[in-house]
Amino acid sequence: DAWRRAVCDRVRDLLGAAKVGVILPTPAGPDVFTEDYDPAIARYADEFERVAPAFDLFGRLRRFGVADRRMLCDGDLDAYHRTPYWNEFLRPLGAHDSLTLSVPVGPAASLADHVQIGVNHDCPHRDPFGDRGVAIGRLLLPALQAGARAWLQLSAARPALAALVDTLGVGALVFDADGRELHRTPQATSLLALHTEADIAPLAGQLALGVSRPQAAGTARCTPPPAVARAGRLVLRATRLGPELAGRERAVLVTVEADRPRES
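First, a word on scope: everything that follows refers to the structure included in this document. (Residues numbered from 1 in each chain as written. Predicted model: local features only at pLDDT ≥ 70, side-chain atom pairs only at ≥ 80, totals over all residues. Heavy atoms only, no water.)

A look at the side chain of histidine 114
Inspection of the secondary structure puts histidine 114 in strand S5 (residues 114-120). Of the polar contacts made by the side chain of histidine 114, one reaches the backbone oxygen of serine 110; its length is 2.8 Å. Residue contacts for histidine 114: discarding those within four places in its chain leaves Ile23, Pro25, Phe58, Arg62, Ser102, Val103, Pro104, Val105 and Ala108. (Helix = DSSP H or I, 4+ residues; strand = E, 2+ residues; numbered from the N terminus. Polar contact = N/O pair within 3.5 Å; in protein donor to acceptor, adjacent residues only side chain to side chain. Contact = heavy atoms within 4.5 Å.)

Looking at the sheet that holds strand S7 (residues 181-184)
If you walk across this open sheet you meet the five strands as S7-S6-S10-S9-S8, and the pairing is antiparallel. Edge positions in the sheet fall to S7 and strand S8 (228-231), since each of these pairs with one other strand and no more. Put simply, the sheet's adjacent strands are angled 20° from each other on average, direction ignored. Judged from the five bridges that link them, strand S6 (residues 171-175) and strand S10 (residues 252-258) form a sheet pairing that is antiparallel. (Pairing = 2+ DSSP bridges. Axes fitted to C-alpha atoms, helices over the stretch in contact; angles between N-to-C directions.)

Overview of the pairing of S5
Among the seven residues that make up S5, seven are buried, leaving the element largely enclosed by the rest of the structure. Residues His114, Gln116, Gly118 and Asn120 point to one face of S5 and Val115, Ile117 and Val119 to the other, with burial holding for every one of them. Inspection of the sheet shows strand S1 (residues 19-24) paired to S5 by five bridges, in the antiparallel sense. The partner of valine 22 across the bridge, within S5, is isoleucine 117. Note: strand S4 (residues 98-104) against S5, seven bridges, orientation antiparallel. Bridge pairing links leucine 99 to valine 119 in S5. (Buried < 20%, exposed > 50% of the residue type's maximum accessible area, 1.4 Å probe, protein only.)

Brief notes about empty space enclosed by the protein
By the definition in use, this model includes one cavity of 30 Å³ or more. Of the volumes computed, that of the largest cavity is approximately 270 Å³. Forming the boundary of the largest cavity are 23 residues, of which Tyr44, Tyr85, Leu90, Thr100 and Asn120 lie nearest the centre. Of all the elements in the fold, those that place two or more residues in the lining of the largest cavity are S1, strand S2 (31-34), helix H2 (44-55), helix H4 (69-72), helix H6 (84-93), S4 and S5. Broken down by element, the residue count for the lining of the largest cavity peaks at five residues, all from S5. Looking at the lining of the largest cavity, its residues break down into 15 nonpolar, seven polar and one charged. (1 Å grid on protein atoms, 1.4 Å probe; cavity = no way out; pocket = protein on both sides within 12 Å on 5 of 7 lines; lining within 4 Å. Points joined across faces, edges and corners; volume = space filled by probe spheres on them. Nonpolar A, V, L, I, M, F, W, Y, C, P; charged D, E, K, R; others polar.)

What to know about the pairing of S10
Counting buried positions along S10 yields five of seven residues, so the element is predominantly enclosed. Of the strand pairs in this sheet, strand S9 (residues 234-240) and S10 are connected by seven bridges, and their pairing is antiparallel. Following the sheet pairing, arginine 237 is matched in S10 by threonine 255.

Structural notes on the pattern of salt bridges
Inspection of every chain in the model, using the stated rule, returns 12 salt bridges. For arginine 4, the salt bridge goes to aspartate 31, with nearest N and O atoms at 2.5 Å. Pair noted here: arginine 4 is in helix H1 (residues 2-15) and aspartate 31 is in strand S2, with a separation of 27 residues, a long-range link. Residue arginine 4 is classed as buried on the basis of its relative accessible area, which comes to 5%. The shortest N-O distance in the salt bridge between aspartate 9 and arginine 12 comes to 2.9 Å. Within this pair, aspartate 9 and its partner arginine 12 are both found in helix H1, separated by three residues, close to a single helical turn. Given the relative accessible area of 18%, arginine 12 is considered buried. Residues participating in the shared-partner salt-bridge network are Asp1, Arg4 and Asp31. (Salt bridge = Lys/Arg side-chain N within 4 Å of Asp/Glu carboxyl O.)

Keep in mind that these numbers describe shape and distance, not what the molecule does.
In structure tokens form, the structure reads like this:
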């Protein structure tokens, strides 16, 4: 969601749009992320797929990659404006002039096999996206394709990694290269709940960031980042994970254990 939020913010500013959303395929179905639309946009996948066959929308998106509404309708906007999709769904949402960037990630004519960015003006606009918007969208499309490939890779890797980490039998958290938490084991949840005197989770994230990206963590160039930290009665140890486990280059595993007294 942090990635999708950043995409929406940049695309909105670049195109002067009012509304932007990003759709990702998930095992539970197409997932729409937006901070601009009414919650009814959650029905987007079902509504879009009802109208898609009449205009061969998925076929056109596969051919074009980036298309405004006129391109998707092959110029027949009158027919499009007679559909329930427009009159009962998009128009009440204020999704007027539109631009769609689409990356197929599977064979089906369905949003279950597409990653999309949808861009709209919220009222009839004196400057429709048109050729300029399509040209900008085509410049952005390789970045969306890279993001879609990364999403597919991580979608496969994360459940396997989470299942593996959960079998360790210790408190453990997994972080990405920017120190954002991706997963924690039930044991970690229990340990963190028992040690409320220390802000453990942010410390674990900072430790992971120090191991993954020493300069981002603020360490001196000549000083290696610490891989161990103590907070109250807990000991945190950070280990970098390889892409063969995490599906990304610099994921980090942080274990959380109770500090055992040293024997004299």
